[in-house]
Structures are given as structure tokens and as C-alpha cells.
Amino acid sequence: MRMQPLLNSRQMREADRRTIENGTPGFTLMLRAGEAAADAACRMLPQAGRVLVLCGPGNNGGDGFVAARILADRGHRVTVAAMKPVADLSGDAAEAGHLWGEAVCPLAAADPAGADLVVDALFGTGLARDLQGEVVEAIARVNGAGRPVLAIDVPSGIDADTGLVRGAAVKAERTVTFACRKPGHLLYPGRAHAGAVEVADIGVSCMGLDGPAVHANGPEIWLPAFPRIDPAGHKYDRGHALVLSGGPGHTGAARLAARGALRAGAGLVSVVTSARALAVNAAHLTAIMMRVCDDPDEFSDLLTDDRFNALALGPALGVGEATRRWVEAALEADRATVLDADALTSFSGMAEGFAALARAPREHPVVLTPHEGELRRLLAGPGEVSAEAREIAGRPSKLDRAVGLAAFANAIVVLKGADTVVASPEGSAVINENGSPYLGTAGSGDVLGGIVAGLMAQGMPGFEAAACAVWMHAEAGARFGPGLIAEDIPEGLPAVLRDLLG
Ligand SMILES: NC(=O)C1=CN([C@@H]2O[C@H](COP(=O)(O)OP(=O)(O)OC[C@H]3O[C@@H](n4cnc5c(N)ncnc54)[C@H](O)[C@@H]3O)[C@@H](O)[C@H]2O)[C@@H](O)CC1
Ligand SMILES: [K+]
């Protein structure tokens, strides 16, 4: 299993530049890129057919001209429509335009409805601003025609770094990209626009580049750090996770999280419950134990016992001062801690105060698991918030928001969604892609927090535990499929673990 780096457009330009400096001409790279695109097009259209290639003004368009030449040589009827006449192109793209060597029609005349396949080579990693005018119209015609579309490198109009639509964006059935995928292939809406993404090796290395280390999430990231069971060990070697329960009527979330922690392999898991909620918790728990704490001071006393080594709190605790005090007690105790839901929302408009608590010197990791709304409420109020916090909340890119909050709070951040991002305070991140829409079900996030805590209870480092939990949670959910409810996710973990651990 190899790590899958995701390079942003600046890193990709740097990788191209280094390859060219090391002796491979840029035009050679373009020929390889164009050939890879033509190969992908032929797989989509195995019989000779009508292919419309749309070429932009830069090197993405250059790849398109090369692909057009190869497709025509292989017997397809190829029409090229371009934003600029070949005479106005420069550099490698001009050379590619000459290689095509046949008529080019203006973009406005392109007729996607009359094609069996559309090859989109308008813009790639060089997209620098929102699209306007005739390109937007052409993209609307392509998307409206309903013909299969192959995008070269990135669906045009998708920002390769953020996955956001810049004005308008092509909807592709497949995308062929070069060297490695870009964050915009995994982040929505880019992921939906890209369709199936294949990576072509054109002789450009993605390794050893400066800047953020962003990867696709997968076992190669965290399996080496996965806690291995000692054949001679016992449950006390595998940690004791505590999950805080809400009051009577709000206890289910904690039990879901606790079940996630136990299935993830924690040796012992206890639900911390008030005396008032004890009966209802007791009625529903068997392998999971209970501890009664009626206030944060009792919780602090409990935490003088250092066998309790991982904590999860937030879901169904209620928003307000009381929950803030439980969070303070948890953070002061310096255990591996997961904060979710109400534990975050209770600090709405108090981002600085929250960050000060989380940033206090500590030995054990803090993992925050907000969804977008919780991140926004934490960082942007309502209430007085610093310009720094507001700026992070307002970043257009999900990746940048996650990395920003991680640095701000000196915590690992799991920014949840269909394209969950896990970010470390140092700026590295993974983007998850094995999820399924069925995971968006009540209580699903509670189970996730519990899995993170369960892994950390076994000594797994915070970032790896978070990335692993996100992946296993998504995998269990995706395998279950339709009808999934949160209770099914912990029960799906043993099969996932069996496959992972062999
Ligand atoms: N040596 C290389 O750099 C290689 C690049 N390759 C291809 O080159 C692409 C990157 O090429 P470029 O950097 O030329 O970038 P693009 O071809 O993506 O687009 C850049 C051009 O579009 C213009 N532009 C940007 N945003 C615009 C907007 N909103 N409206 C109108 N015009 C806009 C820019 O001024 C520039 O002329 C990659 O995506 C890939 O397809 C491949 O050929 C492999 C090798
Ligand atoms: K493109």
C-alpha cells in the first residue's frame, strides 16, 4: 500500500518544473499527458465515433490538442473547438496546436449534443479566477447535452486545490489526471464533477515537495500505528475510555459512542452518568460499565485515577456553562480527549477561550470532531470572536478550514461530511473518500467520536487514531449500505478489523 499524496496546483507546477529541469522537456510531458487522455477516451469509446475536444488557452488545452491528434489517428472523427486560435497560443500549447494541424472551430460553435464523447481540455490546474461569458455557456451546453465527458486533469471550472466551482464547471463521467490526484478530486463538489478519476504516470514525481502534506485517507497512513494485541496481555493493557452521558432523556448518544470505543478495541469502556440518568443507562448497558459523577468536580476526582486514559464528551450534553465546565475538567486532566457536538457548541462565540484551554501545555492529544455548522459556530459566533477565528471560519476551502482550526486550537480536527478532512496542528491532512451517504444518520457522529477515543485508549497517536476511525467508520457504513442506522456501525467494525489486521 502506497501513500497517495494530493498535490495542490502550486506543488504540481513545482513538480513539473523539477522534472523539466532534470531533463524531460515540457512538451514531452504534454505528449504523455495527451496520450494518456487519448487512451482513456478510447476506453470510453471503444468503437470509432464522433469526439468533440474542447481546448482552453493554456497547457490543459495543449493536452487536448495532443489527444485530438492521437484520437483522429486512431480512426475517430474528431472536432476541435478552442477558446483561442492556434496562432494565438504560446509555448508547449502552441506546439500541440500545430501537432493537431487541422481545423479548429470557435468554442461558441461547439456542438456537444452531436458528439459520442466530449473531451474537456479547457482548464486544469491553471484556473485562476471565476469563469465567465462564452466558457460558462459552453460548459452549460456540455452539461446539458448528457453525452459522456472525459475531463483532462481536472473538470474545467473546478478549482484543483479546493474542489469548488469557479463560476461554472464541467460534469465529467471520468477524469484522467497526471502524476497524482489533486485535493479538488476528493473534495465536494469537485469529487462529484470529476466522476471516476484515473491517474496516469507521465514521469513526474510527487514526492519531496514543500508545502502542506495532504493525502487521501487510507490504511497506509495509520495501519503501522494501529494497536497490536499482545497475546499475553489483558484488557487492562488496552486502556479504559470514559464517555460522558447526557441527562435523563439524552443518554443514547453516549451509549453509541461507548459501543464504538469498545468495538474499536478499548480494553474497558465506562459511561460516566449522573445519578439521575443511572437507571436508564444501566437498563441498556452490559459489557460497558458505568461511573456516577454528578458534576465536573466529581469528574475531576475520578480522573485522578490515571487508568482512565481516554475521554469522549459532547453529544447530548446540552449547550452552555455546565458543559463548558465538564470540558474544562476533561482538558485539565490531560487525557487523550475527543470533543464533539455540544462540547464545541458550548464555546460558540468564545473561540479564543476555547483555544486557550486546548492550547495549554499537555501530553495527550485533543481531537475535535465538528461538522461544518459546529466549526462555524465555534469560530464565528454569534458573539465576540477574534478576526483570526472569523478568518478561519470564512475560508472557502474545507481543507483550509480544517487545517486552520487545528492550528488555532492546537488540536487534531476531524471536519466531518461526505469528504471528511482530518487535519493536524502542524498542517498535514488527509481527505476521506470511502464513505457512503447512508452514514448521514442520527447518532453516526457519536459512534465516530467513540471509535477515536477507543483507539486512543489503546495508545494510538491522535492523528492516526482520528484518520483510522474516520476510515473504519465509513467502511463499516458503506459495507452495510441501505437501511444503516448508527447502532449498526459498531457492529460492522469486527469485519472491517478482520480485513485490516488479517
Ligand atoms: N509541464 C506542465 O506544466 C504540464 C502541464 N500539463 C497540463 O497543463 C495544465 C496546466 O496548464 P496551465 O498552467 O497552462 O493552466 P491551464 O491550462 O489550466 O489554464 C491556464 C490558462 O488559462 C487562463 N485562465 C485561468 N483562469 C481563467 C479564467 N477563469 N478564464 C479565462 N482564462 C483563464 C490563464 O491565463 C492561462 O492562459 C495541467 O492541468 C495539465 O493538464 C500537462 O501537459 C503535463 C505537463
Ligand atoms: K479540464
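Residues numbered from 1 in each chain as written. Chains lettered and ligands numbered in written order. Predicted model: local features only at pLDDT ≥ 70, side-chain atom pairs only at ≥ 80, totals over all residues.

1. Quick notes on the overall build of the protein
Phase 1: Regarding its fold elements, the protein presents 20 helices and 17 strands.
Phase 2: Relative to a compact globule of 502 residues, whose C-alpha radius of gyration would be 23 Å, the protein shows 26 Å and is just as compact.
Phase 3: With the principal axes as the frame, the protein shows a C-alpha extent of 80 × 50 × 45 Å.
Phase 4: Buried residues in the protein amount to 54% of all 502 residues.
Phase 5: When contacts within the protein are restricted to residue pairs at least 6 apart in sequence, long-range pairs at least 24 apart make up 73% of them. (Helix = DSSP H or I, 4+ residues; strand = E, 2+ residues; numbered from the N terminus. Rg over C-alpha atoms; globule rule 2.2 N^0.38 Å. Buried ≥ 20, exposed ≤ 12 C-beta atoms within 10 Å, placed from the backbone. Contact = placed C-beta atoms within 7 Å.)

2. Comments concerning the UniProt feature "binding site: K(+)" (unreviewed entry) in the protein
Phase 1: When the UniProt feature table is mapped onto this chain, "binding site: K(+)" (unreviewed entry) is found at Asn60, Asp120 and Ser156. With the annotated positions falling across 97 residues, the maximum pairwise C-alpha distance of 9.4 Å places them together in a single cluster.
Phase 2: Note that Asn60 resides in helix α3 (residues 59-73).
Phase 3: Apart from the residues lying within four places of it in its own chain, the contact partners of Asn60 are Ala121, Leu122, Phe123, Gly124, Gly126, Ile152 and Asp153.
Phase 4: For Ser156, a count of 29 C-beta atoms within 10 Å gives the class buried.
Phase 5: Those residues in contact with Ser156, other than ones at most four positions away along the chain, are Gly56, Asp120, Leu122, Phe123, Ile139, Ala151, Ala169 and Val170. (UniProt positions renumbered as here; feature names shortened; annotations may be inferred.)

3. Comments concerning the site of ligand 1
Phase 1: By nearness alone, 26 residues border ligand 1, and Gly58, Asn59, Asn60, Gly124 and Gly126 come closest of all.
Phase 2: Residue assignment for the shell around ligand 1 shows that the elements contributing at least two residues are α2 (26-44) and α3.
Phase 3: Looking at the shell around ligand 1 element by element, the count peaks at five residues for α3.
Phase 4: When its residues are assigned to classes, the shell around ligand 1 shows eleven nonpolar, ten polar and five charged. (Near = placed C-beta within 6 Å. Nonpolar A, V, L, I, M, F, W, Y, C, P; charged D, E, K, R; others polar.)

4. Points about the domain arrangement of the protein
Phase 1: In terms of domain boundaries, the protein breaks down into domain 1 (9-211) and domain 2 (219-501).
Phase 2: In this structure, domain 1 and domain 2 have C-alpha centres spaced 41 Å apart.
Phase 3: Partitioned by chemical class, the residues of the side of domain 1 that touches domain 2 number five nonpolar, one polar and two charged. (Domains from an automatic or database assignment.)

5. Examining helix α17 (residues 398-409)
Phase 1: In this model, α17 (twelve residues) spans 17 Å end to end at C-alpha, consistent with the 16 Å of a helix rising 1.5 Å per residue.
Phase 2: Listing the buried residues of α17 in full gives Lys398, Leu399, Arg401, Ala402, Val403, Gly404, Leu405, Ala406, Phe408 and Ala409.
Phase 3: Just downstream of α17 lies Asn410, where phi reads positive at about 50°. (Expected span 1.5 Å × (residues − 1).)

6. Things to note about helix α18 (residues 444-457)
Phase 1: Taking 1.5 Å per residue, 14 residues should reach 20 Å; α18 reaches 20 Å between its end C-alpha atoms and fits that length.
Phase 2: Backbone geometry just downstream of α18 places Gly459 in the positive-phi region, at approximately 95°.

7. Observations regarding the environment of Gly62
Phase 1: Considering the arrangement of structural elements, one finds Gly62 in helix α3.
Phase 2: The exposure class of Gly62 is buried, given the 32 C-beta atoms found within 10 Å.
Phase 3: Once you skip the residues sitting within four places of it in the chain, Gly62 turns out to touch Met30, Asp92, Ala93 and Ala96.

8. So, the UniProt feature "domain: YjeF N-terminal" (unreviewed entry) in the protein
Phase 1: Annotation from UniProt places "domain: YjeF N-terminal" (unreviewed entry) at residues 12-210.
Phase 2: The distance from the first to the last C-alpha atom of residues 12-210 is 11 Å, and the span holds 38% helix and 17% strand.

9. Observations regarding unusual backbone geometry
Phase 1: Cis geometry marks the peptide bond from Tyr188 to Pro189; its omega dihedral reads 0°.
Phase 2: Residue placement: Pro189 occurs in the loop between α6 (183-186) and α7 (190-194).
Phase 3: The linkage connecting Gly381 with the following residue, Pro382, adopts the cis geometry, with an omega of 20°.
Phase 4: If you trace the backbone, Pro382 turns up in the loop between α15 (372-380) and α16 (387-393).
Phase 5: Even without being a glycine, Ala316 presents a positive backbone phi close to 65°.
Phase 6: Relative to the helices and strands, Ala316 resides in the loop between β12 (308-313) and α12 (321-332).
Phase 7: Positive phi values are uncommon outside glycine, yet Asp334 reaches one of about 50°.
Phase 8: Its place among the elements puts Asp334 in the loop between α12 and β13 (336-339).

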